[in-house]
Amino acid sequence: MSLDRRAIPGARDKRRRALFPLKLAVSAGLLVLLFRHIPLDRGASLLLHADALLVAAGGALMVAQTGLSALKWKVLLRGQGVIVPYAKLIRTCLLANFVNLFSPGVLGGDAYRSIALREHTGGLARSLPSIIADRTTGLVVLVGLAATGVSLYFVPAAPALAAGLILLTALLGYALLVAVVDPLLHRLIAGREHSLMVLLSGILVALRPTRALSTAFAIALVFQLNTIFIVYVWSTGLHLSASVLQLFLIVPTVYLLEMVPISVSGVGLREGVYAVLFSFFGLPPEQGLALGLLTSIMRYVVNAIGALIWFVPDGSRLEAVSVPGRA
């Protein structure tokens, strides 16, 4: 009995629609629980007295982040031998950001990205590896920054040693992937034409040490550092007490934890983690609440640009071009 592949996306869409009310309830429940412990008027007061110019500046930097995301994706796709117009990638990233506003975690936006490029890549099996490599580079850099922040704050006497151990651990893990896991899986899937095997092979190729992957890691580092800077700008605009060093630890941790797909776009979880971490550093929790609320508000405001893009004709419908000498 053959499997109707067209039924798979429909089934997944039904499950996502069924889960959305649950995610929405979790977000609402987390916010209610948070407001029971931290009066909303305290956080609202900080928001009302925020420096509008600095808040807008942070929003402008968020828009610039889309350009960085599209650039990293373009580099990874080129490493696969596929050239997609930069304008097309920016448009797709903007629309994916809009989709993410109403989906748990980043899965909704990534699913849209993989589907949007099918006409350029020739199918999902060639779209997904670049997206997985994109997420992997961002996640690795984010974890590295969080670990570095921990070492700077908790091991001030030898932060270089702590950061070096973290980097060494990451390199050993990657060496294991390249030297052991990759060849083993390559032998297992050799000659198999099943779509899952093709996808797995593409992911392994995308994660191999190449110039494209190195460039993607560099762009990911700039992206994550800019994220911390954006939050610092907003923190300054809210007149908060957090130092740059504290935010260097807090921000990557928040962004890591909000990836857990238990709420809608991280709402509720983000504000709660900010409040807890601010309290951990001896800072007023209402400041963390205000920063989390501002981040959520600005994310919806800025990413809502994607809603406008839906109505703009896509003028970048060009066929993908294979790069000679590339796999």
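Overview of the structure. Note that the structure is predicted; figures quoted are calculated from it, not measured. (Residues numbered from 1 in each chain as written. Predicted model: local features only at pLDDT ≥ 70, side-chain atom pairs only at ≥ 80, totals over all residues. Heavy atoms only, no water.)

### Section: the overall build of the chain
And step 1. Each helix and strand counted, the chain has 14 helices and two strands in total.
And step 2. When the 327 residues of the chain are sorted by exposure, 42% land in the buried category.
And step 3. Look at the contacts in the chain between residues 6 or more apart in sequence, and 75% of them connect residues 24 or more apart.
And step 4. Accessible area of the chain: about 17000 Å², with a carbon and sulfur share of 72%. (Helix = DSSP H or I, 4+ residues; strand = E, 2+ residues; numbered from the N terminus. Buried < 20%, exposed > 50% of the residue type's maximum accessible area, 1.4 Å probe, protein only. Contact = heavy atoms within 4.5 Å. Areas by Shrake-Rupley, 256 points an atom, 1.4 Å probe, with all protein chains shown as cover.)

### Thoughts on empty space enclosed by the protein
Gaps between atoms show up when a probe of the same size as a water molecule is rolled over them.
And step 1. Summed over the entire model, instances satisfying the criterion amount to two cavities of 30 Å³ or more.
And step 2. Looking at the largest cavity, its volume works out to about 40 Å³.
And step 3. Contributing to the lining of the largest cavity are M62, V63, T66, L94, N97, V302, N303 and G306.
And step 4. Mapped onto the lining of the largest cavity, the elements with two or more residues apiece are α3 (52–79), α4 (86–100) and α13 (285–303).
And step 5. A class-by-class count of the residues in the lining of the largest cavity yields four nonpolar, four polar and no charged. (1 Å grid on protein atoms, 1.4 Å probe; cavity = no way out; pocket = protein on both sides within 12 Å on 5 of 7 lines; lining within 4 Å. Points joined across faces, edges and corners; volume = space filled by probe spheres on them. Nonpolar A, V, L, I, M, F, W, Y, C, P; charged D, E, K, R; others polar.)

### A look at the nonpolar core
And step 1. Among the nonpolar cores identified, the biggest contains 33 residues, and W234, Y274, F278 and L291 are the most heavily contacted of them.
And step 2. Elements that contribute at least two residues to this core include exactly α3, α7 (124–154), α10 (211–237), α11 (244–257), α12 (269–280) and α13.
And step 3. Per element, the largest residue contribution to this core is seven residues, and it comes from α11.
And step 4. In this structure, Y274 is in contact with V231, I250, V251, V254, Y255, G288, L291, G292 and T295, ignoring residues within four places of it in sequence.
And step 5. Of all hydrophobic cores here, the second largest spans nine residues; its members include V84, C93, L117 and I131. (Core = buried A, V, L, I, M, F, W, Y, C linked by side-chain atoms within 4.5 Å.)

### Section: the side chain of T137
And step 1. Along the chain, T137 falls in helix α7.
And step 2. A polar atom in the side chain of T137 sits 2.8 Å from the backbone oxygen of D134.
And step 3. Sequence-distant contacts of T137, that is, excluding residues within four places in its chain, are made with K72, L213, A216, F217 and A220. (Polar contact = N/O pair within 3.5 Å; in protein donor to acceptor, adjacent residues only side chain to side chain.)

### Observations concerning the packing of aromatic side chains
And step 1. Counting across every chain of the model gives three aromatic pairs.
And step 2. Judged by centre distance (6.5 Å) and plane angle (70°), the rings of Y274 and F278 are edge-to-face. Taken together, the residues span about one helical turn, with Y274 and F278 both in helix α12 at a distance of four residues. In terms of burial, Y274 and F278 fall into one category: buried.
And step 3. Taking NZ or CZ as reference, R113 lies 4.6 Å from the ring centre of W73, over its face. (Phe/Tyr/Trp six-rings, centres within 6.5 Å; stacked < 30°, edge-to-face > 60°. Lys NZ or Arg CZ within 6 Å of the ring centre and 35° of its normal.)

### Some words on the pattern of salt bridges
And step 1. Per the counting criterion, the structure on display carries six salt bridges.
And step 2. We note a salt bridge from D110 to R113, for which the minimum N-O separation is 3.2 Å. One end of the pair is D110 and the other is R113, both in helix α5 (residues 107–116) and three residues apart, which spans about a single turn.
And step 3. R135 is the partner of D110 in a salt bridge, and the nearest nitrogen-oxygen pair spans 3.0 Å. (Salt bridge = Lys/Arg side-chain N within 4 Å of Asp/Glu carboxyl O.)

### Structural notes on the environment of T210
And step 1. Inspection of the secondary structure puts T210 in the loop between α9 (195–206) and α10.
And step 2. C-alpha of T210 to C-alpha of G79: the two residues are 131 residues apart in sequence and 7.9 Å apart in space.
And step 3. Reaching out from T210, the side chain makes a polar contact with the backbone nitrogen of L213 at a distance of 3.2 Å.

### A look at a nonpolar patch on the surface
And step 1. Where nonpolar side chains cluster on the molecular surface, the patch consists of V150, L152, Y153, F154, L245 and F280 and spans about 520 Å² of accessible area.
And step 2. The element that contributes the greatest number of residues to the nonpolar patch is α7, accounting for four residues.
And step 3. Residue placement: F280 occurs in helix α12. (Patch = residues over 30% accessible without salt bridge, like charges linked within 9 Å, V, L, I, M, F, W, Y side chains within 5 Å.)

### Notes on the packing of α10 against α13
And step 1. Running from N to C, α10 and α13 cross one another at 120°; their axes reach a closest spacing of 10 Å. When the axes of α10 and α13 are compared, the pair comes out oblique. The crossing of α10 and α13 is right-handed. For the pair α10 and α13, the contacting residues are V231, W234 and S235 in the first and L291, L294, T295 and M298 in the second.
And step 2. Looking at side-chain class alone, the contact of α10 with α13 contains five nonpolar, two polar and no charged residues. (Axes fitted to C-alpha atoms, helices over the stretch in contact; angles between N-to-C directions. Parallel < 35°, antiparallel > 145°, perpendicular 65-115°, else oblique. Left-handed = near helix turned anticlockwise from the far one by under 90°.)

### Here's the deal with the packing of α11 against α12
And step 1. Remark: α11 packs on α12, axes separated minimally by 9 Å, with the N-to-C direction vectors making an angle of 145°. Seen along the crossing, α11 lies across α12 with a hand that is right-handed. Note on element contacts: α12 touches α11 through L269, R270, V273, Y274, L277 and F278, opposite I250, V251, T253, V254, Y255 and L257.
And step 2. A class-by-class count of the residues in the contact of α11 with α12 yields ten nonpolar, one polar and one charged.

Limitation: the analysis is restricted to geometry and does not speak to function.
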